[in-house]
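Architecture at a glance
Next come the chains, spelled out residue by residue.
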Amino acid sequence: MVTHRAIPARPNLEQYRKQAKDLLDGISRNLPDALSRVGQFHPRLQGQAVDPGATRLKLADAQLVIAREHGFESWPKFSAHLLTLQAGPPDAFEERIRAGEVELPIEVGGRRNARALVLFALAGTASRHDAGIREIAAAFHRASFCTVLADLLTGQEAATDAVEETLRYDIPLLASRMTAIVDRFAGDAAFQSLRMGLFGSGSGAAAAASVARQRATAIHAFVSSAGRPDLSGSSLAWIGAPCLFIFGGDDAVGYGFMRTLMTVLQRTVPKRIEVIDGAAGRFEAATHVARAAELATQWFDQYLVGEPS
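An account of the accompanying structure is given in this report. (Residues numbered from 1 in each chain as written. Predicted model: local features only at pLDDT ≥ 70, side-chain atom pairs only at ≥ 80, totals over all residues. Heavy atoms only, no water.)

1. What about the pairing of strand β8 (residues 271–276)?
Defined as follows: The criterion for strand pairing is that DSSP finds at least two bridges linking the strands in question. Strands here are runs of E lasting at least two residues and helices are runs of H or I lasting at least four, both read from the DSSP assignment and numbered beginning at the N terminus. Assignment of crossover handedness uses the view with strands pointing away from the viewer, where a clockwise path from the first strand over the helix to the second indicates a right-handed crossover.
As paired strands, strand β7 (residues 243–248) and β8 are joined by six bridges and run parallel to one another. Within β8, the residue paired with leucine 244 across the bridge is arginine 272. Chirality of the crossover, the property in question, places the unit of β7, helix α10 (residues 252–261) and β8 among those that are right-handed.

2. So, helix α4 (residues 59–69)
This is how it is decided: The cut-offs for exposure are 20% and 50% of the maximum accessible area for each residue type, with area from a 1.4 Å probe on protein chains only; residues under the lower value are buried, those over the upper are exposed, and the others partly exposed.
With respect to burial, α4 is a largely interior element, eight of its 11 residues being buried. Directly after α4, the chain includes glycine 71, whose backbone phi takes a positive value near 90 degrees.

3. Section: the environment of alanine 121
Put simply, the test is: We call two residues in contact whenever any of their non-hydrogen atoms come within 4.5 Å of each other.
Looking at the secondary structure, you find alanine 121 in strand β3 (residues 116–122). Looking at alanine 121, the relative accessible area reads 0%, which means it is buried. Between the C-alpha atoms of alanine 121 and methionine 178, which are 57 residues apart in sequence, the distance is 6.7 Å. Residues within four places of alanine 121 in sequence aside, it is in contact with Ala150, Leu152, Met178, Phe199, Gly200, Ser201, Gly204, Ala205 and Ala208.

4. Let's talk about the packing of helix α8 (residues 171–186) against helix α9 (residues 204–214)
Using the following cut-off: All axes here are fitted lines through C-alpha atoms, helices being fitted over the stretch that makes contact, and every angle between N-to-C directions spans 0 to 180 degrees. Reported orientations rely on four angle classes, namely roughly parallel under 35 degrees, roughly antiparallel over 145, roughly perpendicular from 65 to 115, and oblique for the rest. Crossing handedness follows the turn of the near helix against the far one: under a right angle anticlockwise gives a left-handed crossing, and clockwise gives a right-handed one. When residues are grouped by polarity, Ala, Val, Leu, Ile, Met, Phe, Trp, Tyr, Cys and Pro land in nonpolar, Asp, Glu, Lys and Arg in charged, and all others, Gly among them, in polar.
Two elements in contact, α8 and α9, have axes whose closest approach is 8 Å; the angle formed by their N-to-C orientations is 55 degrees. Overall, the two elements α8 and α9 adopt an arrangement that is oblique. Handedness of the α8/α9 crossing: right-handed. Contacts from Ile171, Leu174, Ala175, Met178, Thr179 and Val182 in α8 reach Ala206, Ala207, Ser210, Val211 and Gln214 in α9. Of the residues belonging to the contact of α8 with α9, the class tally is eight nonpolar, three polar and no charged.

5. Things to note about the pattern of salt bridges
To keep it simple, the criterion reads: By salt bridge we mean one thing: a side-chain nitrogen of Lys or Arg within 4 Å of a carboxyl oxygen of Asp or Glu.
In this structure the tally under the stated criterion is 22 salt bridges. With a closest N to O distance of 3.4 Å, arginine 96 and glutamate 103 form a salt bridge. For glutamate 103, a relative accessible area of 36% gives the class partly exposed. One continuous salt-bridge network, built from bridges that share partners, spans Glu107, Arg128, Arg134 and Asp151.

6. Describing the nonpolar core
Note the cut-off: Buried Ala, Val, Leu, Ile, Met, Phe, Trp, Tyr and Cys residues that are joined via side-chain atoms within 4.5 Å together make up what is termed a nonpolar core.
If you look at the biggest cluster of nonpolar residues, it comprises 45 residues, and the most contacted ones within it are Leu117, Leu119, Ile181, Phe185, Leu198 and Phe245. Here the element with the most residues in this core is α8; it accounts for seven residues. When neighbours within four sequence positions are excluded, leucine 117 is seen to be in contact with Cys146, Val148, Phe185, Phe191, Leu194, Arg195, Met196, Gly197 and Leu304. Among the nonpolar cores identified, the runner-up in size contains 31 residues, and Ala116, Ile133, Ile246 and Phe283 belong to it.

7. With respect to the packing of aromatic side chains
Put simply, the rule is: Working definition: a ring pair exists when centres of Phe, Tyr or Trp rings (six-membered ring for Trp) sit within 6.5 Å. Plane angles under 30 degrees give stacked, over 60 give edge-to-face, the rest tilted.
In this structure the tally under the stated criterion is 12 aromatic pairs. Judged by centre distance (6.1 Å) and plane angle (65 degrees), the ring pair of phenylalanine 140 and phenylalanine 145 falls under edge-to-face. Side by side, phenylalanine 140 and phenylalanine 145 carry an identical accessibility label, which is buried. Plain terms: the ring middles of phenylalanine 222 and phenylalanine 245 are 6.1 Å apart, the flat faces sit at 80 degrees to each other, and that makes the pair edge-to-face.

8. Some remarks on the environment of tyrosine 169
With respect to the element layout, tyrosine 169 can be found in the loop between α7 (155–164) and α8. Separated by 34 residues in the primary sequence, tyrosine 169 and serine 203 place their C-alpha atoms 6.5 Å from one another.

9. Things to note about the sheet that holds β8
Ordered by their spatial adjacency, eight strands build an open sheet running β1-β2-β4-β3-β5-β6-β7-β8, and the pairing between neighbours is mixed. Across the chains shown, the open sheet's two edge strands, defined by having one partner strand only, are β1 (93–99) and β8. If you compare each strand with its neighbour and ignore which way they point, the axes differ by 20 degrees on average. Pairing geometry for β3 and strand β5 (residues 196–202), over six bridges, is parallel. The residue bridging alanine 121 from the neighbouring strand is glycine 200, located in β5. Docked against the sheet, α9 engages β3, β5 and β6 (219–227), running at close to 150 degrees with respect to β5. Most of the contacts of helix α11 (residues 286–305) go to β6, to which it runs at about 170 degrees, and overall it touches β3, β4 (145–151), β5, β6, β7 and β8.

Okay, here's the thing in structure tokens:
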């Protein structure tokens, strides 16, 4: 089992850039430790005897090794995470929550002057390290919402799932872990004054839908953004919280499923589908992410803070 290097609470991106340059220098000088790190963490060279002259490694390769040593699949995702930590809310903190047999890392931000609490359920193609997810969380902070970012798979599970693509569809497993996270904050006196909403992306949206049904008294609003809430089965028919479903205009399959399932939701439950033109199954363009953040913020503002209409 690979043990990833820890990131300090106040990381410095420039220091990691320097580490990458030092690593590249070590590779060029055939230093055993540097070559070993490349052989262990570079996806193209794993398990191989590294020959610097033959592989012609560049700074980008050294940066990739640094990122993967810390549990990130790419340097851009790693650097984006570092920048977020550097510029994050001053009251942000991380902790680990026991969920069954595993411990899940979560990130809490925007607690100061918060008007509501939004828990992110993330799995599959969505994670707390995703730049789009972090931008949506930042938008919630600007709207005075406290956020909890939670990956529902451990790092090792996520690595396995990236190849096998099975755990992301184990909705009962994901839902049970999300329930543990909801219970942790529902039982915390420091957060009990904040109405709680769920934000789900990827198959995490199905887990969030299941939890919205199971913890109906705790959850007051639900948003699925580029998610697969249809995977939650009958849970959608029992959700009592107002539901917003955000899809890309090019995601014909997801949108088609959801249009059909909208008839299953209870008549008295506020519900809406919003379509972002030009977006596909994932929101990657900055404009699409910004629009999803705007729509979700408006929904939570209405149903977690304002009086439901």
